[in-house]
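So you can see what is in the structure, the chains are spelled out below.
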Amino acid sequence: MRITIPADVKFCDLSLSRRREDGAVVFAMDPIEAICDASGLELEVVVGGPQPLVGALIAAWYVAHRESGGDPDPVQEDLIEERRLEAERGGGFSYRAGHA
């Protein structure tokens, strides 16, 4: 699947953060809506379908963002490190929010 990132939408517009209580990732929906509109994707499928794609979309966008010289995002870097550790140790590993 190919997605289109509108020129006026930047990765930092997501305002990625994690909830203190449970470490869940929180982000602004406006950039996701703009990407869905530009790409002809249904927002409900990307965000809330039986297999939500929003995490994969954000991860792929981040790779492109960094490859084009974009600044690191601490929350996304934590998520990448958590995935690396889970793959290395067989899954089920995560840091407390803000401690990767």
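Scroll up a little and you will see the structure.
Let us look at the structure shown here. The structure displayed is predicted, hence computed values, not measured ones. (Residues numbered from 1 in each chain as written. Predicted model: local features only at pLDDT ≥ 70, side-chain atom pairs only at ≥ 80, totals over all residues. Heavy atoms only, no water.)

Overview of the side chain of Asp-73
Threshold: Secondary structure elements are taken from DSSP: a helix is a run of H or I of four residues or more, a strand is a run of E of two residues or more, and numbering for both begins at the N terminus. Remark: exposure states derive from per-residue accessible area (1.4 Å probe, protein chains only) relative to the maximum for the residue type, with buried under 20%, exposed over 50%, and partly exposed in between. We score Asp and Glu as negative and Lys and Arg as positive, and we do not count His or the chain ends. Salt bridges are defined as contacts in which a side-chain nitrogen from Lys or Arg sits within 4 Å of a carboxyl oxygen from Asp or Glu. The definition of a polar contact used here is a pair of N or O atoms within 3.5 Å, where within protein one atom must be able to donate a hydrogen and the other to accept one, and adjacent residues in sequence count solely through side-chain atom pairs.
The topology assignment puts Asp-73 in the loop between helix H3 (54-67) and helix H4 (74-89). Lacking a salt bridge, the buried Asp-73 has Arg-66 as its closest oppositely charged neighbour, with an N-O distance of 9.5 Å. Within the structure, the side chain of Asp-73 is placed 2.9 Å from the backbone nitrogen of Gln-76, a separation counted as a polar contact.

Some points on a nonpolar patch on the surface
The condition is simple: Residues qualify for a patch when their relative accessible area is over 30% and they have no salt bridge, like charges being joined within 9 Å and the nonpolar side chains of Val, Leu, Ile, Met, Phe, Trp and Tyr within 5 Å. Computed by Shrake-Rupley with a 1.4 Å probe, the accessible areas treat only the displayed protein chains as cover when residues are assessed.
A cluster of nonpolar side chains, namely Met-1, Val-45 and Leu-53, defines an oily patch on the protein surface of about 300 Å² accessible area. Turning to its location among the elements, Leu-53 is positioned in the loop between helix H2 (43-48) and H3.

What to know about the environment of Arg-20
Here Arg-20 lies in the loop between strand S1 (17-18) and strand S2 (25-26). Exposure remark for Arg-20: the relative accessible area of 80% places this residue in the exposed category. Separated by 27 residues in the primary sequence, Arg-20 and Val-47 have C-alpha atoms spaced 22 Å apart.

Some remarks on the packing of helix H1 (residues 29-39) against H3
Under the convention used in this document: Every axis in this analysis is a line fitted to C-alpha atoms, fitted for helices over the stretch in contact. Angles between the N-to-C directions lie between 0 and 180 degrees. Orientation is classified from the angle alone, with under 35 degrees giving roughly parallel, over 145 giving roughly antiparallel, 65 to 115 giving roughly perpendicular, and any other angle giving oblique. We call two residues contacting when some pair of their heavy atoms lies within 4.5 Å. Residue type decides the class: Asp, Glu, Lys and Arg count as charged, Ala, Val, Leu, Ile, Met, Phe, Trp, Tyr, Cys and Pro as nonpolar, and the leftover types, Gly among them, as polar.
At a minimum axis distance of 12 Å, the contact between H1 and H3 shows a crossing angle of 90°. Here H3 runs roughly perpendicular to H1, going by the angle between their axes. On H3, the residues that touch Pro-31, Ile-32 and Ile-35 of H1 are Val-54, Leu-57, Ile-58 and Trp-61. Its residues assigned to classes, the contact of H1 with H3 comprises seven nonpolar, no polar and no charged.

Interpretation note: all reported values are geometric properties and have no functional meaning in isolation.
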